[in-house]
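Given next are the chains, with one letter for each unit.
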Amino acid sequence: MTTLLAARSVSKTYRLGRVDVPVLRGVSVTVAPGEWVAILGASGSGKSTLLHLLGGLDRPDRPERPAKANGRGERHEALDDGQILFEGRSLQHMSQAELDRYRNVSVGFVFQFYHLLPELNVVENAALGAMIRHGRLGYMRRATECRDRARSLLELFGLGQRLRHRPAELSGGERQRVAIARALMNEPAVLLADEPTGNLDRATGAAIIDVIASFRETSKQTIVMVTHDIAVAERADRVLELRDGRVVEAK
Ligand code: ADP
Ligand code: MG
């Protein structure tokens, strides 16, 4: 199996005052290109923490033995311990510019609470990913192309009649569709979704998963989705479970 994204025995400890709170204790996950992996776990089990590490939004604890290339430039597998690897490269070894590119282009994030900008309309919110990627001037040069892509994603997600609306004028399910369009704007290698249906009623949530599933049918989009809802997780190719700071194959 080729691996697109992996966590290799990754740990994450938060420090609250003088107390260490270990959240992830050696989590390993591998995601193949085109795969849809769901990570199930109770509230507080570390799902968001893990997704943030995979997306380069936060850093794992330093491994006790940092990974080092040997004299021939090879890395021993065990030396990848504690690393997040994208296409075989450790995020921790990327320069700031490479890491920014990874966060802005290689991955697309969907959050439980949408995080849309209230003063922007639907098309502008969806196009935001491209604005961040290209910078203001670069975006202005590509504005037509970017807005066209935003519009076509929004139409695909059933929002063709809402393009000029602002987030406050949309239902929760519609807002989440805009957030998904934004996440897909730059054609990310991996879509990372953090409880995308967590704030929606069951029927609306199921419709959101349908939108993601049908997009994935045609695009072969790689997806990592965390959820506490087994019905949502079961739509994926593979379900893992976070328990006691470790990942296990769900039964
Ligand atoms: P989940 O997404 O599965 O509900 P989280 O990853 O958000 O879980 O959080 C896991 C645990 O880590 C929780 O106990 C939470 O309180 C704690 N935690 C999360 N973020 C922080 C932080 N920035 N500082 C301290 N503790 C945190
Ligand atoms: Mg969470």
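Scroll up to find the structure.
Along each chain, the written sequence defines residue order, and numbers are assigned to residues from 1. As they are written, the chains are lettered A onward and the ligands numbered 1 onward, keeping that order. Only residues with pLDDT of 70 or above have their local features reported here, since the model is predicted, and side-chain atom pairs are shown and tallied only from 80 upward, although totals for entire chains, interfaces and linings are computed over all residues. Each side-chain value is derived from all of the structure's non-hydrogen atoms; neither hydrogens nor water enter the calculation.

The environment of ligand 1 is formed by Tyr-14, Leu-16, Val-23, Ala-42, Ser-43, Gly-44, Ser-45, Gly-46, Lys-47, Ser-48 and Thr-49. Counted as a polar contact is a pair of N or O atoms within 3.5 Å, where, for protein atoms, one must be capable of donating a hydrogen and the other of accepting one, and residues adjacent in sequence contribute only when both atoms are in side chains. Between Gly-44 and ligand 1, the recorded distance is 2.7 Å, taken from a backbone N or O atom to an oxygen atom. In the model, an oxygen atom of ligand 1 is placed 2.9 Å from a nitrogen or oxygen of the Ser-48 side chain. Numbering of helices and strands starts at the N terminus; helices are DSSP runs of H or I of at least 4 residues and strands are runs of E of at least 2. Residue assignment for the shell around ligand 1 shows that the elements contributing at least two residues are strand E1 (5–16) and helix H1 (47–54). Considering every element that reaches the shell around ligand 1, the biggest residue donor is H1, with 3 residues. All residues other than Ala, Val, Leu, Ile, Met, Phe, Trp, Tyr, Cys, Pro, Asp, Glu, Lys and Arg, Gly among them, are scored as polar; the first ten of these are nonpolar and the last four charged. For the shell around ligand 1, the class distribution of residues is 4 nonpolar, 6 polar and 1 charged. Residue proximity to a molecule or strand is established when one non-hydrogen atom of the residue lies within 4 Å of it.

To continue, consider unusual backbone geometry. The residue His-115 is not glycine, and still its phi comes out positive at about 55 degrees. Position of His-115 relative to the elements: it lies in the loop between strand E6 (107–110) and helix H3 (122–141). Buried, partly exposed and exposed residues are distinguished by accessible area as a fraction of the type maximum, computed with a 1.4 Å probe on protein chains only: under 20%, between the cut-offs, and over 50%, respectively. A relative accessible area of 47% means that His-115 is categorised as partly exposed. Notably, Asp-244 is not glycine yet its phi reads approximately 50 degrees, a positive angle. Residue classification places Asp-244 among the exposed residues on the basis of a relative accessible area of 65%.

The subject of this paragraph is the sheet that holds E1. Any two strands with at least two DSSP-identified bridges between them are counted as paired. Sheet architecture is open: 4 strands sit in the order E2-E1-E4-E5, paired in antiparallel fashion. This sheet does not close on itself; its edge strands, each paired only once, are strand E2 (19–31) and strand E5 (89–90). Here 4 bridges tie E1 to strand E4 (residues 83–86), and the two strands are oriented antiparallel to one another. Within the sheet, the bridge partner assigned to Ala-6 lies in E4 and is Leu-85.

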